[in-house]
Amino acid sequence: MRTNTQLLIILIGLLVWFVVSISVDFSDRQKFTDLNAFTIADTAAIRSIEITNQQEVTLLNRQKNGWLVNELPAESGMIDVMLSILNQMEVKRRVPKREQESVYRLLTENGIKVKVTSSEGSSEFITVGNPAKTLSYFQKEDDVPAIVHLPGYNSYVTGIFEVLPNDWRKRAIFESSPRSLKSLQLQYPGHPEDNFEITSNSIKWEIEGLPEGDQKLLNQYLSQFAYLQVDQYLDRGQVKELDSLIASQPMAIITIDDIRKEHNGELKLFPTAKGEKMLAGLLNDEQIVLIEKRRAKALLAKRSDFLSE
């Protein structure tokens, strides 16, 4: 009999705990009756997105011909992802009271401020992720923070706002079509005998000094420069080893002369250690870039490769 009484007390206790938990959870959920508290319904109206973290500001601006990131061309695919997330993200639930203090601390110490400006006005919020990068906390002004997600996905929404400025940049460094390309020069400072320059005479491609180049091979080679992408942009000082490397003699120098001046450019390539997957490059003597060795190797043709058999 005593055992039954104890069990009954335990069951009543559990029932009370369950009811209280449900009430607290319900209260937490009720705090955000608007699932779209942070959602941007009309992303076509967005004019700019300003992302400010503890170290820097990333400013994405919509222009007539595309987006800019800190005044440089932005990668359209990245912008599409951002706009899609802004449009689809929803409040999952309010941060429980027992966790709010730690979340407030995260928002204060590591929070990323986001300001979205559109033709309809502006929206501002702060976001931060949990240490495991599995939960995304969002907060508007002095409101209680909420957990935001993409419905139907195991998503870490804050991640898109953690992207570094250089990683928003357009990856294509050369976009010369056969109709606009005037010439391409490839120099090997250590092996000048392999140097060549491909020029257009409006009818076919020519290499100075060669009696007749293989037009099919020339077209295949030049097609790589119609949309040549790098894998990553790096700032000077970001990787010390690369700073010293680009101060040395390059293994090759590619120079593009295009009818459209905005597509002109020079790319110096430097050898990296065996086993490395990337080659280091210096674009227009300013920007350090990394490009996959396999793709870079295809660019490094030699003069003799274009002789007709």
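This report concerns the structure included in the present document. In this text the structure is predicted, and so the values were computed from the model without any measurement.

Rules behind the numbers
Residues numbered from 1 in each chain as written. Predicted model: local features only at pLDDT ≥ 70, side-chain atom pairs only at ≥ 80, totals over all residues. Heavy atoms only, no water. Helix = DSSP H or I, 4+ residues; strand = E, 2+ residues; numbered from the N terminus. Contact = heavy atoms within 4.5 Å. Expected span 1.5 Å × (residues − 1). Buried < 20%, exposed > 50% of the residue type's maximum accessible area, 1.4 Å probe, protein only. Phe/Tyr/Trp six-rings, centres within 6.5 Å; stacked < 30°, edge-to-face > 60°. Salt bridge = Lys/Arg side-chain N within 4 Å of Asp/Glu carboxyl O.

**Structural notes on the environment of glutamine 215**
Alright, step 1. You can see glutamine 215 is positioned in helix 4 (residues 215-222).
Alright, step 2. As a C-alpha pair, glutamine 215 and phenylalanine 306 span 91 residues in sequence and 8.4 Å in three-dimensional space.
Alright, step 3. Setting aside residues no more than four positions away along its own chain, glutamine 215 makes contact with Lys204 and Trp205.

**Some words on helix 3 (residues 97-110)**
Alright, step 1. The end-to-end C-alpha distance of helix 3, which contains 14 residues, comes to 20 Å, matching closely the 20 Å that a straight helix rising 1.5 Å per residue would cover.
Alright, step 2. Residues of helix 3 that are buried: Gln100, Val103, Leu106 and Leu107.

**A look at the packing of aromatic side chains**
Alright, step 1. Per the counting criterion, the structure on display carries 10 aromatic pairs.
Alright, step 2. The interplanar angle of 65° and the centroid separation of 5.1 Å between the aromatic rings of phenylalanine 196 and phenylalanine 306 together place this pair among those described as edge-to-face. Residue phenylalanine 196 is located in strand 12 (residues 196-200), and its partner phenylalanine 306 is located in the segment after helix 6 (293-299); the two are separated by 110 residues in the primary sequence. Of the two residues examined, phenylalanine 196 and phenylalanine 306, each falls in the buried class.
Alright, step 3. Relative to phenylalanine 225, the ring of tyrosine 221 has its centre 5.5 Å away and its plane inclined at 65°; by these criteria the two rings are edge-to-face.
Alright, step 4. Judged by relative accessible area, which is 0%, phenylalanine 225 ranks as buried.

**As for the side chain of serine 183**
Alright, step 1. Positionally, serine 183 belongs in strand 11 (residues 181-187).
Alright, step 2. Beyond its immediate stretch of four places on either side in the chain, serine 183 contacts Glu197, Ile198, Thr199, Thr255, Ile256 and Asp257.

**Examining the pattern of salt bridges**
It is possible for side chains of opposite charge to pair when their charged atoms get near one another.
Alright, step 1. For the structure on display, the rule yields nine salt bridges.
Alright, step 2. The partner of aspartate 257 in a salt bridge is lysine 182, and the shortest N-O contact between them spans 3.8 Å. Residue aspartate 257 is located in strand 16 (residues 252-258), and its partner lysine 182 is located in strand 11; the two are separated by 75 residues in the primary sequence.
Alright, step 3. A salt bridge links glutamate 292 to arginine 294, with the nearest nitrogen and oxygen atoms 3.2 Å apart.

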